[in-house]
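# Structural description and commentary
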Amino acid sequence: MAILKIYLDNCSYNRPFDDQSQMKIRLETEAKLYIQQNTREGKYLLCWSFMLDYENGKNPYREKQNAISPWKDISEDYCPSSKSILTHGKEIMKSGIKNEDALHISCAIERNCDYFITTDKKLLNKNIEGIDIINPIDFIRETEDLK
């Protein structure tokens, strides 16, 4: 079995900073942390992008930036900005996805990721050719037996 290549969006990275009193958020946080631990152990390949740099850099909370930014160095792959990313992002926007989210998805597709992991409900309902969009809990459910 080949190692799965994954892309976590900015919502996923920020999930541990959300209100943990809601069970769904707490479960997504635990699932996301589990995925990251498995990434550190080499069970998944992580992709980072210029969009994650951009969005994390805009975060007004320095502690969140500092907690998220080391994942750039842990990632095995980096997706820089390119004309093809921007063009494909515009195509993805036609399905009702916001600009920044479309660029994240375009990066994941460009770098041949198997999964785009997000906690954004609006993205989870979208079917985009070339990538499986999934929340952290469902990712574990779907892939746990593959390891």
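Here's a quick rundown of the structure. (Residues numbered from 1 in each chain as written. Predicted model: local features only at pLDDT ≥ 70, side-chain atom pairs only at ≥ 80, totals over all residues. Heavy atoms only, no water.)

## Digging into the state of the cysteines
Throughout this description, disulfide means a covalent bond between two cysteine sulfur atoms. Enumeration over the complete set of coordinates arrives at zero disulfides. With no disulfide partner, cysteine 47 has as its closest neighbouring cysteine sulfur the one in cysteine 113, 4.1 Å distant. With relative accessibility at 0%, the residue cysteine 47 sits in the buried group. Of the cysteine sulfurs around cysteine 107, a residue in no disulfide, the closest is that of cysteine 79, at 3.6 Å. Of the residues examined, cysteine 107 reaches a relative accessible area of 0% and is grouped as buried. (Disulfide = S-S within 2.5 Å. Buried < 20%, exposed > 50% of the residue type's maximum accessible area, 1.4 Å probe, protein only.)

## Remarks on the side chain of serine 75
Here serine 75 is to be found in the loop between α5 (70–74) and β3 (77–79). Polar contacts involving the side chain of serine 75 include one to the main-chain carbonyl oxygen of lysine 72, which spans 2.6 Å. Side-chain polar atoms of serine 75 contact the backbone oxygen of aspartate 77, separated by 3.5 Å. Beyond its immediate sequence surroundings of up to four residues, serine 75 is in contact with Leu46, Cys47 and Trp48. (Helix = DSSP H or I, 4+ residues; strand = E, 2+ residues; numbered from the N terminus. Polar contact = N/O pair within 3.5 Å; in protein donor to acceptor, adjacent residues only side chain to side chain. Contact = heavy atoms within 4.5 Å.)

## Here's the deal with the sheet that holds β3
Read from one edge to the other, the open sheet built from five strands follows the order β3-β2-β1-β4-β5, with strand pairing classed as parallel. Single-partner strands in this sheet number two, and they are β3 and β5 (132–134). On average, each strand axis in the sheet is tilted by 30 degrees relative to the strand beside it, whichever way the strands run. Looking at chain direction, strand β1 (residues 4–8) and strand β4 (residues 115–117) are connected through three bridges and run parallel. Considered in β4, the bridge of tyrosine 7 is made with phenylalanine 116. (Pairing = 2+ DSSP bridges. Axes fitted to C-alpha atoms, helices over the stretch in contact; angles between N-to-C directions.)

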